[in-house]
Amino acid sequence: MLRGVDLALPARSLVRVEGANGTGKSTLLRLLAGIDAPTEGRITGGRPRTAYVPERFPAALPFTAAGYLVHLGRIHGLRRTEAAARAQEWLTRFGAAEHARTPLAELSKGTGQKVAVAQALLAEPELLVLDEAWTGLDTAARDELDRAVAARVAAGSTVVYVDHDPHRLAGAVGMTLRVEGTGLVAAPPAPAGTTAGPRVRIEVTGPPGAPLPAGLPGAPEKTAADDGGVRLTVDAGHSDALLSALLTARPPWHINHLSTAPDEAA
(Lines give C-alpha, C1' and ligand atoms only; values in the text may rest on other atoms or scores of the structure.)
Protein backbone atom coordinates (compact mmCIF):
# COMPACT_ATOMS: atom_id res chain seq x y z
CA MET A 1 0.00 0.00 0.00
CA LEU A 2 1.29 3.44 -0.94
CA ARG A 3 0.42 6.61 0.95
CA GLY A 4 1.32 10.27 0.59
CA VAL A 5 2.95 9.88 -2.83
CA ASP A 6 3.62 13.24 -4.51
CA LEU A 7 5.24 12.71 -7.89
CA ALA A 8 5.64 14.81 -11.05
CA LEU A 9 7.06 13.11 -14.13
CA PRO A 10 9.13 15.35 -16.41
CA ALA A 11 8.90 15.02 -20.19
CA ARG A 12 11.76 13.45 -22.16
CA SER A 13 13.02 11.48 -19.18
CA LEU A 14 13.87 7.94 -18.13
CA VAL A 15 12.65 7.07 -14.63
CA ARG A 16 13.70 3.92 -12.77
CA VAL A 17 11.59 2.61 -9.87
CA GLU A 18 13.31 0.43 -7.27
CA GLY A 19 12.24 -1.37 -4.10
CA ALA A 20 11.99 -4.78 -2.48
CA ASN A 21 9.44 -7.33 -3.71
CA GLY A 22 5.94 -6.58 -2.50
CA THR A 23 6.57 -2.95 -1.62
CA GLY A 24 4.20 -1.53 -4.24
CA LYS A 25 6.30 -0.95 -7.37
CA SER A 26 3.73 -2.60 -9.65
CA THR A 27 0.93 -0.72 -7.92
CA LEU A 28 2.69 2.57 -8.62
CA LEU A 29 3.20 1.67 -12.28
CA ARG A 30 -0.45 0.66 -12.69
CA LEU A 31 -1.51 3.99 -11.22
CA LEU A 32 0.80 5.88 -13.58
CA ALA A 33 -0.49 3.89 -16.56
CA GLY A 34 -4.11 4.59 -15.63
CA ILE A 35 -4.89 0.88 -15.14
CA ASP A 36 -5.82 1.48 -11.48
CA ALA A 37 -7.23 4.54 -9.73
CA PRO A 38 -6.06 5.73 -6.29
CA THR A 39 -8.41 4.99 -3.39
CA GLU A 40 -7.46 8.38 -1.92
CA GLY A 41 -6.04 11.50 -3.51
CA ARG A 42 -5.96 12.09 -7.23
CA ILE A 43 -3.79 12.12 -10.32
CA THR A 44 -3.77 15.56 -11.94
CA GLY A 45 -2.75 16.87 -15.34
CA GLY A 46 -3.81 15.76 -18.78
CA ARG A 47 -3.53 12.06 -19.53
CA PRO A 48 -0.78 11.61 -22.15
CA ARG A 49 -0.96 8.88 -24.76
CA THR A 50 0.08 5.96 -22.56
CA ALA A 51 1.19 2.38 -23.14
CA TYR A 52 1.87 -0.26 -20.49
CA VAL A 53 3.69 -3.59 -20.38
CA PRO A 54 2.45 -5.60 -17.39
CA GLU A 55 4.57 -7.95 -15.31
CA ARG A 56 2.48 -10.86 -16.59
CA PHE A 57 1.19 -10.94 -20.15
CA PRO A 58 -2.46 -12.15 -20.45
CA ALA A 59 -1.84 -14.87 -23.03
CA ALA A 60 -5.31 -16.46 -22.86
CA LEU A 61 -6.90 -14.04 -25.31
CA PRO A 62 -8.69 -15.03 -28.57
CA PHE A 63 -6.16 -13.46 -30.94
CA THR A 64 -3.15 -14.35 -32.99
CA ALA A 65 0.00 -12.37 -32.24
CA ALA A 66 -0.53 -10.03 -35.20
CA GLY A 67 -4.28 -9.83 -34.61
CA TYR A 68 -3.72 -8.75 -31.02
CA LEU A 69 -1.26 -6.04 -32.06
CA VAL A 70 -3.62 -4.71 -34.74
CA HIS A 71 -6.47 -4.72 -32.21
CA LEU A 72 -4.41 -2.71 -29.70
CA GLY A 73 -3.25 -0.38 -32.45
CA ARG A 74 -6.85 0.33 -33.38
CA ILE A 75 -7.64 1.08 -29.71
CA HIS A 76 -4.80 3.60 -29.79
CA GLY A 77 -6.43 5.29 -32.79
CA LEU A 78 -4.34 3.88 -35.65
CA ARG A 79 -5.91 3.01 -38.99
CA ARG A 80 -6.03 -0.74 -39.61
CA THR A 81 -3.40 -0.66 -42.37
CA GLU A 82 -1.07 1.45 -40.23
CA ALA A 83 -1.59 -0.80 -37.22
CA ALA A 84 -0.87 -3.89 -39.33
CA ALA A 85 2.32 -2.35 -40.73
CA ARG A 86 3.57 -1.36 -37.28
CA ALA A 87 2.69 -4.80 -35.89
CA GLN A 88 4.78 -6.47 -38.59
CA GLU A 89 7.64 -4.02 -37.99
CA TRP A 90 7.83 -4.67 -34.26
CA LEU A 91 7.41 -8.42 -34.55
CA THR A 92 10.32 -8.37 -37.00
CA ARG A 93 12.47 -6.15 -34.80
CA PHE A 94 11.97 -8.50 -31.85
CA GLY A 95 12.61 -11.61 -33.92
CA ALA A 96 9.03 -12.91 -33.70
CA ALA A 97 7.73 -12.34 -37.26
CA GLU A 98 7.34 -16.08 -37.85
CA HIS A 99 4.76 -16.19 -35.04
CA ALA A 100 2.51 -13.48 -36.46
CA ARG A 101 -0.34 -15.95 -37.09
CA THR A 102 0.22 -18.05 -33.97
CA PRO A 103 -2.56 -17.89 -31.36
CA LEU A 104 -1.44 -16.08 -28.21
CA ALA A 105 -2.18 -19.11 -26.05
CA GLU A 106 0.31 -21.19 -28.08
CA LEU A 107 3.23 -18.78 -27.81
CA SER A 108 6.21 -19.50 -25.60
CA LYS A 109 6.68 -17.22 -22.59
CA GLY A 110 9.52 -15.38 -24.33
CA THR A 111 7.60 -14.83 -27.56
CA GLY A 112 4.52 -13.76 -25.63
CA GLN A 113 6.66 -11.16 -23.87
CA LYS A 114 7.85 -9.86 -27.23
CA VAL A 115 4.22 -9.36 -28.25
CA ALA A 116 3.50 -7.61 -24.94
CA VAL A 117 6.36 -5.18 -25.54
CA ALA A 118 5.45 -4.68 -29.20
CA GLN A 119 1.86 -3.65 -28.35
CA ALA A 120 3.18 -0.85 -26.17
CA LEU A 121 5.73 0.46 -28.65
CA LEU A 122 3.64 0.47 -31.83
CA ALA A 123 1.49 3.29 -30.44
CA GLU A 124 4.54 5.60 -30.04
CA PRO A 125 3.32 6.57 -26.54
CA GLU A 126 4.10 9.81 -24.75
CA LEU A 127 4.24 7.84 -21.48
CA LEU A 128 5.65 4.31 -21.61
CA VAL A 129 5.35 2.21 -18.44
CA LEU A 130 7.38 -1.02 -18.28
CA ASP A 131 6.97 -3.51 -15.43
CA GLU A 132 9.78 -6.08 -15.73
CA ALA A 133 9.40 -5.86 -19.52
CA TRP A 134 12.86 -7.36 -20.19
CA THR A 135 12.12 -10.56 -18.24
CA GLY A 136 11.85 -13.55 -20.56
CA LEU A 137 13.37 -11.81 -23.59
CA ASP A 138 16.44 -13.21 -25.32
CA THR A 139 19.60 -11.10 -25.54
CA ALA A 140 18.83 -9.66 -28.98
CA ALA A 141 15.30 -8.67 -27.93
CA ARG A 142 16.54 -7.09 -24.70
CA ASP A 143 19.01 -5.00 -26.70
CA GLU A 144 16.23 -4.01 -29.11
CA LEU A 145 14.06 -2.91 -26.21
CA ASP A 146 16.96 -0.84 -24.83
CA ARG A 147 17.20 0.91 -28.20
CA ALA A 148 13.44 1.41 -28.37
CA VAL A 149 13.40 3.01 -24.92
CA ALA A 150 16.22 5.35 -25.94
CA ALA A 151 14.31 6.30 -29.08
CA ARG A 152 11.12 7.07 -27.13
CA VAL A 153 13.00 9.33 -24.71
CA ALA A 154 14.81 11.03 -27.60
CA ALA A 155 11.41 11.65 -29.22
CA GLY A 156 10.23 13.48 -26.09
CA SER A 157 8.45 10.71 -24.21
CA THR A 158 8.71 9.76 -20.55
CA VAL A 159 9.58 6.12 -19.80
CA VAL A 160 9.04 4.67 -16.32
CA TYR A 161 10.36 1.18 -15.67
CA VAL A 162 11.04 -1.53 -13.11
CA ASP A 163 13.67 -4.17 -13.80
CA HIS A 164 15.47 -6.68 -11.59
CA ASP A 165 18.82 -5.91 -13.26
CA PRO A 166 20.39 -2.96 -11.38
CA HIS A 167 22.49 -2.10 -14.44
CA ARG A 168 19.57 -1.90 -16.88
CA LEU A 169 19.90 1.47 -18.69
CA ALA A 170 21.77 2.73 -15.63
CA GLY A 171 23.78 5.43 -17.39
CA ALA A 172 20.73 6.86 -19.13
CA VAL A 173 18.43 7.19 -16.10
CA GLY A 174 17.41 10.75 -15.29
CA MET A 175 15.50 9.97 -12.08
CA THR A 176 15.56 6.99 -9.71
CA LEU A 177 12.71 6.49 -7.26
CA ARG A 178 12.68 3.97 -4.42
CA VAL A 179 9.57 2.58 -2.73
CA GLU A 180 10.26 2.51 1.01
CA GLY A 181 7.59 1.59 3.53
CA THR A 182 4.41 3.14 2.17
CA GLY A 183 6.13 6.09 0.52
CA LEU A 184 8.34 7.05 -2.37
CA VAL A 185 11.78 8.64 -2.06
CA ALA A 186 14.30 9.89 -4.59
CA ALA A 187 17.35 7.63 -4.72
CA PRO A 188 20.78 9.29 -4.99
CA PRO A 189 22.27 9.47 -8.50
CA ALA A 190 25.27 7.36 -9.46
CA PRO A 191 28.61 9.02 -8.64
CA ALA A 192 29.79 11.33 -11.42
CA GLY A 193 32.53 10.01 -13.64
CA THR A 194 32.02 6.33 -12.85
CA THR A 195 32.41 3.95 -15.76
CA ALA A 196 31.87 0.24 -16.27
CA GLY A 197 34.49 -0.73 -18.82
CA PRO A 198 35.54 0.47 -22.29
CA ARG A 199 34.22 3.70 -23.75
CA VAL A 200 33.24 4.66 -27.27
CA ARG A 201 33.66 7.92 -29.20
CA ILE A 202 30.93 8.92 -31.62
CA GLU A 203 31.53 11.98 -33.82
CA VAL A 204 28.32 13.48 -35.16
CA THR A 205 27.01 16.41 -37.16
CA GLY A 206 23.53 17.81 -36.77
CA PRO A 207 21.33 20.12 -38.81
CA PRO A 208 22.61 23.73 -38.80
CA GLY A 209 21.81 25.40 -35.51
CA ALA A 210 20.12 22.33 -34.01
CA PRO A 211 21.03 21.46 -30.39
CA LEU A 212 21.81 17.90 -29.38
CA PRO A 213 18.69 15.98 -28.32
CA ALA A 214 18.13 16.14 -24.58
CA GLY A 215 18.32 13.06 -22.36
CA LEU A 216 20.76 11.10 -24.53
CA PRO A 217 21.38 7.53 -23.29
CA GLY A 218 24.48 7.06 -21.17
CA ALA A 219 24.83 10.78 -20.36
CA PRO A 220 27.72 11.13 -22.87
CA GLU A 221 30.57 13.59 -22.43
CA LYS A 222 30.42 16.28 -25.14
CA THR A 223 33.43 17.95 -26.78
CA ALA A 224 34.08 19.65 -30.12
CA ALA A 225 35.21 17.37 -32.95
CA ASP A 226 38.00 18.34 -35.36
CA ASP A 227 35.55 18.65 -38.28
CA GLY A 228 33.35 21.15 -36.45
CA GLY A 229 30.84 18.57 -35.28
CA VAL A 230 30.37 17.13 -31.81
CA ARG A 231 32.33 14.27 -30.21
CA LEU A 232 30.33 12.16 -27.76
CA THR A 233 32.11 9.76 -25.40
CA VAL A 234 30.02 7.13 -23.65
CA ASP A 235 30.35 3.76 -21.91
CA ALA A 236 30.36 1.00 -24.55
CA GLY A 237 27.27 -0.58 -23.00
CA HIS A 238 25.23 2.48 -23.95
CA SER A 239 26.70 3.12 -27.40
CA ASP A 240 23.99 1.24 -29.35
CA ALA A 241 21.21 3.08 -27.53
CA LEU A 242 22.98 6.41 -28.09
CA LEU A 243 23.39 5.73 -31.81
CA SER A 244 19.73 4.81 -32.08
CA ALA A 245 18.68 8.00 -30.27
CA LEU A 246 20.77 10.16 -32.61
CA LEU A 247 19.54 8.44 -35.76
CA THR A 248 15.88 8.56 -34.72
CA ALA A 249 15.99 12.18 -33.51
CA ARG A 250 13.82 14.64 -35.40
CA PRO A 251 15.67 15.86 -37.39
CA PRO A 252 18.24 13.01 -37.32
CA TRP A 253 21.95 13.48 -36.66
CA HIS A 254 24.62 12.20 -39.02
CA ILE A 255 27.21 9.74 -37.65
CA ASN A 256 30.66 10.73 -38.98
CA HIS A 257 33.01 8.43 -37.09
CA LEU A 258 32.89 5.71 -34.47
CA SER A 259 35.92 4.56 -32.48
CA THR A 260 37.08 3.19 -29.14
CA ALA A 261 38.09 5.95 -26.72
CA PRO A 262 41.66 5.70 -25.41
CA ASP A 263 42.07 4.46 -21.86
CA GLU A 264 43.00 7.61 -19.96
CA ALA A 265 44.14 5.57 -16.98
CA ALA A 266 46.73 3.66 -19.04
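Structure: above.
No experiment lies behind these values; they were computed from the predicted model shown.

A. Spotlight on the overall build of the protein. When you go through the protein residue by residue, the secondary structure sums to 6 helices and 10 strands. Counting across all 266 residues of the protein, residues that qualify as buried make up 44%. For the protein, the proportion of contacts with a sequence separation of at least 24, taken over those separated by at least 6, is 72%. Split by element, the accessible area of the protein, about 13,900 Å² in all, is 52% carbon and sulfur.

B. Quick peek at the packing of aromatic side chains. All chains considered together, the criterion is met by 3 aromatic pairs. Here the aromatic rings of W134 and Y161 are separated by 5.5 Å at their centres, their planes lie at 65 degrees, and the arrangement is edge-to-face. Here W134, found in the loop between β3 (127–131) and α5 (139–154), pairs with Y161, found in strand β4 (residues 158–162); they are 27 residues apart in sequence, far enough to count as distant. When its relative accessible area of 2% is taken as the criterion, W134 is described as buried.

C. Representation of the environment of G229 within the structure. Looking at where G229 falls in the secondary structure, it is placed in the loop between β8 (221–224) and β9 (230–235). You can call G229 buried: its relative accessible area is 10%. Taking C-alpha positions, G229 is 8.7 Å from N256, a pair spaced 27 residues apart along the chain. Setting aside its immediate chain neighbours within four residues, G229 contacts V204, T205, T223 and A224.

D. Quick look at the pairing of β9. β9 sits mainly inside the fold: 5 of its 6 residues count as buried. As paired elements, strand β7 (residues 199–205) and β9 share 6 bridges and run antiparallel to each other. Bridge pairing in β9 places V200 opposite V234. Here 4 bridges tie β8 to β9, and the two strands are oriented antiparallel to one another. From the neighbouring strand, T223 faces β9, where its bridge partner is R231.

E. View of unusual backbone geometry. Unlike most non-glycine residues, E124 shows phi in positive territory, near 50 degrees. For E124, the location among the structural elements is in the loop between α4 (109–121) and β3.

F. Focus on the pairing of strand β1 (residues 13–18). Burial of β1 is extensive: 6 of the 6 residues sit out of reach of the surface. Across the two faces of β1 the burial is the same, with S13, V15 and V17 and L14, R16 and E18 all buried. Relative to strand β5 (residues 175–180), β1 runs parallel, the two being bridged by 4 bridges. Directly across from E18, in β5, lies its bridge partner R178.

G. Geometry of the side chain of R16. Looking at where R16 falls in the secondary structure, it is placed in strand β1. Since its relative accessible area comes to 5%, R16 is described here as buried. From its side chain, R16 meets the backbone oxygen of D165 in a polar contact 3.0 Å long. Setting aside residues no more than four positions away along its own chain, R16 makes contact with Y161, D163, D165, P166, R168, V173, M175, T176 and L177.

H. Broad picture of the pattern of salt bridges. Throughout the structure, instances matching the rule amount to 15 salt bridges. Between E221 and R199 there is a salt bridge; the shortest N-O distance is 2.9 Å. Linking E221 in strand β8 with R199 in strand β7, this pair joins segments that are 22 residues apart in sequence. Salt bridges here are not isolated pairs; linked through shared partners, they connect E89, R93, E144 and R147.

I. Highlighting helix α3 (residues 80–93). An ideal rise of 1.5 Å per residue puts 20 Å on 14 residues; α3 measures up with 20 Å between its terminal C-alpha atoms. All buried positions along α3 are accounted for by A83, R86, A87, W90 and L91. Down the axis, α3 shows its buried residues gathered within 135 degrees of arc, on one side only. Of the surrounding secondary structure, the elements contacted by the buried residues of α3 are α2 (65–75), α4 and α5.

J. Just the sheet that holds strand β10 (residues 254–260), in detail. With respect to topology, 4 strands assemble into an open sheet ordered β8-β9-β7-β10, the strand pairing being antiparallel. Every other strand in the sheet has two partners, leaving β8 and β10 as the edge strands with one partner each. Sheet twist, expressed as the mean angle between neighbouring strand axes with direction ignored, is 25 degrees. Together, β7, β9 and β10 form the strand contacts of helix α6 (residues 239–247), whose direction differs from that of β7 by roughly 10 degrees.

Calculation rules
Residues numbered from 1 in each chain as written. Predicted model: local features only at pLDDT ≥ 70, side-chain atom pairs only at ≥ 80, totals over all residues. Heavy atoms only, no water. Helix = DSSP H or I, 4+ residues; strand = E, 2+ residues; numbered from the N terminus. Buried < 20%, exposed > 50% of the residue type's maximum accessible area, 1.4 Å probe, protein only. Contact = heavy atoms within 4.5 Å. Areas by Shrake-Rupley, 256 points an atom, 1.4 Å probe, with all protein chains shown as cover. Phe/Tyr/Trp six-rings, centres within 6.5 Å; stacked < 30°, edge-to-face > 60°. Pairing = 2+ DSSP bridges. Polar contact = N/O pair within 3.5 Å; in protein donor to acceptor, adjacent residues only side chain to side chain. Salt bridge = Lys/Arg side-chain N within 4 Å of Asp/Glu carboxyl O. Expected span 1.5 Å × (residues − 1). Arc of directions from axis to C-beta. Axes fitted to C-alpha atoms, helices over the stretch in contact; angles between N-to-C directions.

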